[in-house]
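# Summary of structural features
Letter by letter, the chains look like this.
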Amino acid sequence: MIVDSHVHLFFQGSDPESFFFGCGRSGIAFFNKKTGDFDGDVSSLLSANMELLNDPDGDKLVGKMDEAGIDKAVLLPLDFWLGCPKSEGMAIEEKNALYARAVRRHPGRLLTHVGVDPRRANALEILRKGVEEHGAIGLKLHPTTGFYPDEPVCMPLYRKALEYGIPVVIHSGNEPAPLRIRFSQPKYIDTVAAEFPELKIVIAHAGHGWWQEAIDLASVKLNVYVDFSGWQMEYASGPDYFYGPLRAAIDTLGPWRVLFGSDGSMLDMILSPAGWVKALREPRSPSGIRFHAEEIEIILGRAAARLYGLRK
């Protein structure tokens, strides 16, 4: 069984316009890095690609899953509104409900977390409703909106997640402006892992550029996992920029705390889900980094299935 443990649904108004604009600028920089031409028309790029991204009901996602042989995907709603000033759009309660509708539309294929900024006055109620009424299987936090994961305001959510017996996925690593990555350094997750040793915590993206710190933290906090979602840019820049950190994570933590994820659908423009699965299933390392078939099978799905209690 293959489980994509880290996926988002995007559509017009799903997230602040400034976030999409920042993603567009990052995309232009990536594709034009050899020429240094970073002044592309971001608005036109976003307009052209929004139709490709537009997927409020998950139909496009499931179609891509079928092409890639992915059995299940875990949706992670993003609550960016407090971190992007002067933004207007969908309330996070409505967004969580929409993700839950996508799950009901695709039973057995999609599952969802609750996304919420802990600084919201009704954050606990949003979590309660997501789990008890919408069947959410986890909590998603995105500190780049302006809070540290170990701040007191987050603690009630961790206690409630532990009470529900659900994992918490915490973003760590890069993110385009206006969001700020300093809040998402893995070290700020350490206190959470220490104070809630029974709470399962996933460091999303394995911390990206802080991957060594994320792995080091997880090596002594056995309730901490890492997912390697959103590494398509590194892979496209040079496969060993991805295979090296992945090999280090497996060697340090073992495969059962290392999860596969696409961070789709935004990064599907760099590498399709089918291509991303193939990069794991058929690794071709220029420097000869090797993986055992069983390790790859665990990372691709068995580890996530165990974490979330999933059955095929």
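Quick note: structure is the one above.
The structure reproduced in this document is the subject of the present report. (Residues numbered from 1 in each chain as written. Predicted model: local features only at pLDDT ≥ 70, side-chain atom pairs only at ≥ 80, totals over all residues. Heavy atoms only, no water.)

## Points about the side chain of Asn223
By the element assignment, Asn223 lies in the loop between α8 (211-220) and β8 (224-227). Relative accessible area serves as the criterion here: at 5%, Asn223 is assigned to the buried category. For Asn223, the side chain forms a polar contact with the main-chain oxygen of Ala193, separated by 3.3 Å. Excluding anything up to four places from it in sequence, Asn223 contacts Ala193, Phe196, Pro197, Leu199, Lys200 and Ile201. (Helix = DSSP H or I, 4+ residues; strand = E, 2+ residues; numbered from the N terminus. Buried < 20%, exposed > 50% of the residue type's maximum accessible area, 1.4 Å probe, protein only. Polar contact = N/O pair within 3.5 Å; in protein donor to acceptor, adjacent residues only side chain to side chain. Contact = heavy atoms within 4.5 Å.)

## Concerning the environment of Leu310
Relative to the assigned elements, Leu310 resides in the segment after α12 (293-308). Given the relative accessible area of 14%, Leu310 is considered buried. Leu310 sits 202 residues away from Gly108 along the chain, and the two C-alpha atoms are 9.6 Å apart. With residues up to four places along the chain from it excluded, the contact list for Leu310 reads Met1, Val3, Lys72, Leu111, Ala304 and Ala305.

## Overview of the pairing of strand β2 (residues 72-75)
Side chains Lys72 and Val74 of β2 all project onto a buried face; the interleaved residues Ala73 and Leu75 project onto the opposite face, where all are buried too. Direction of pairing for strand β1 (residues 3-7) relative to β2: parallel, over a ladder of three bridges. If you follow Asp4 over to β2, its bridge partner there is Ala73. When β2 meets strand β3 (residues 110-112), the two strands line up parallel, connected through three bridges. Looking at β3, one finds that Leu75 is bridged to Thr112. Handedness of the crossover joining β2 and β3 through helix α4 (residues 92-105) is recorded here as right-handed. (Pairing = 2+ DSSP bridges. Right-handed = clockwise from strand over helix to strand, strands pointing away.)

## Let's talk about the state of the cysteines
Counted according to the given criterion, the structure contains zero disulfides. With no disulfide of its own, Cys23 lies 9.7 Å from the sulfur of Cys84, the closest cysteine sulfur. A disulfide-free cysteine, Cys154 has its sulfur positioned 17 Å from the sulfur of Cys84, the nearest such atom. (Disulfide = S-S within 2.5 Å.)

## A short note on the sheet that holds β3
One open sheet holds the three strands; their spatial order is β1-β2-β3, and the pairing between them is parallel. Each having just a single partner strand, β1 and β3 make up the two edges of the open sheet. When the angles between neighbouring strand axes are averaged without regard to direction, this sheet yields 20°. Strands in contact with helix α3 (residues 59-68) are β1, β2 and β3; relative to β2, the strand with the most contacts, it is inclined by about 145°. Where α4 meets the sheet, its contacts fall on β2 and β3, and the angle it forms with β3 comes to roughly 155°. (Axes fitted to C-alpha atoms, helices over the stretch in contact; angles between N-to-C directions.)

## Looking at the sheet that holds strand β5 (residues 139-141)
Across the sheet, which stays open at both edges, the six strands sit in the order β4-β5-β6-β7-β8-β9 with parallel pairing between neighbours. Strands with a single pairing partner mark the edges of an open sheet, and in this sheet they are β4 (114-115) and β9 (258-259). Here β5 runs beside strand β6 (residues 168-170); their pairing, made up of three bridges, is parallel. Note that in β6 the partner of Leu141 across the bridge is Ile170.

## What to know about the environment of Val258
Secondary-structure assignment places Val258 in strand β9. The exposure class assigned to Val258 is buried, which follows from its relative accessible area of 0%. Sequence spacing of Val258 and Ile92 is 166 residues, and the spatial spacing of their C-alpha atoms is 29 Å.

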